[in-house]
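# Architecture and fold: a report
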Amino acid sequence: VTAVDVTGLAPVLQSPDPPAPFTVFAPRNPAFDTLIFALDITIQDLLNIPNLDQILLYHVIGDFLTISDIVARNGQEIQTLKADAQTIKVNADNYNPNDDSGIILRDNQLLDRHIVDIVNVKAKNGIAHVICDLFTEVPLLPIFDSVIQIAEMFPTRFGILIA
């Protein structure tokens, strides 16, 4: 919830007004840990990334999609609320209705992302499905506007460079 609060998305995602209802593909905590490790940053650094709100909106659909709705969109792309209208593609060829496993979502890096653990968690303004990874853009970097912004973002690593 901290990332949602820091980006100012909490009021939007709590609202019953449009663009609600939402479908949120909620990444588990290890997904954020993986990103933090890959970028060699701290949690605080992650929370200060300028486009963190867009990374989070890549996980939000402006529609109420149950797991059955997602399966029905097999082979299709679903538009996210990310500003540049990024999409995720559904592959439900191996869907198992007994345990809701086998659904693969692909982001624009064409990496498989599986819906795991929990599906169809309903709220008054939407629904959530837990996934194991973060959807990211091609390429993941740049997420900064300039090299100077990178240095300013990580003063303990680049303090001499920008002093």
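Because the structure is a prediction, the values reported are computed rather than measured. (Residues numbered from 1 in each chain as written. Predicted model: local features only at pLDDT ≥ 70, side-chain atom pairs only at ≥ 80, totals over all residues. Heavy atoms only, no water.)

## Side note on the sheet that holds strand 2 (residues 60–61)
Remark on secondary structure: sheet strands pair via backbone hydrogen bonds, oriented parallel or antiparallel. The condition is simple: Strands qualify as paired when DSSP identifies two bridges or more between them. In DSSP terms, a helix is any run of H or I states spanning at least four residues, a strand is any run of E spanning at least two, and both are numbered starting from the N terminus.
The mixed open sheet is built from four strands, whose spatial order is 2-1-8-7. Strand pairing shows two members of the sheet lacking a second neighbour, strand 2 and strand 7 (121–123), which therefore form its edges. Sheet topology places strand 1 (residues 22–27) next to strand 2; two bridges connect them, and they run antiparallel. Among the inter-strand pairings, Thr23 is bridged to a residue of strand 2, identified as Ile61.

## Some thoughts on the environment of Lys82
Stated formally: Residues adjacent in sequence count toward polar contacts only when both atoms are side-chain atoms; beyond that, a polar contact is any pair of N or O atoms within 3.5 Å, and within protein one must be able to donate a hydrogen and the other to accept it.
With respect to the helices and strands, the residue Lys82 is situated in the loop between strand 3 (77–79) and strand 4 (87–91). One polar contact links Lys82 to Asp84, side chain to side chain, over a distance of 2.9 Å.

## What about the pairing of strand 8 (residues 126–131)?
As a reminder of what qualifies: Summary of the burial criterion: residues with accessible area below 20% of their type's maximum are buried, those above 50% are exposed, and those between are partly exposed, where the area comes from a 1.4 Å probe applied to protein chains only.
Of all six residues that make up strand 8, five are buried, and the element is covered over most of its length. Bridging between strand 1 and strand 8 involves six bridges; their strand directions are parallel. Residue pairing across strands places Pro27 opposite Ile131, the latter belonging to strand 8. Pairing geometry for strand 7 and strand 8, over three bridges, is antiparallel. Across the sheet, Val121 pairs through a bridge with Ala128, a residue of strand 8. Hairpin connection of strand 7 to strand 8: two residues between the antiparallel strands.

## Some thoughts on the pairing of strand 4
Bridge count between strand 3 and strand 4: three bridges; the pairing is antiparallel. When the bridges of strand 4 are listed, Gln79 appears paired with Thr87.

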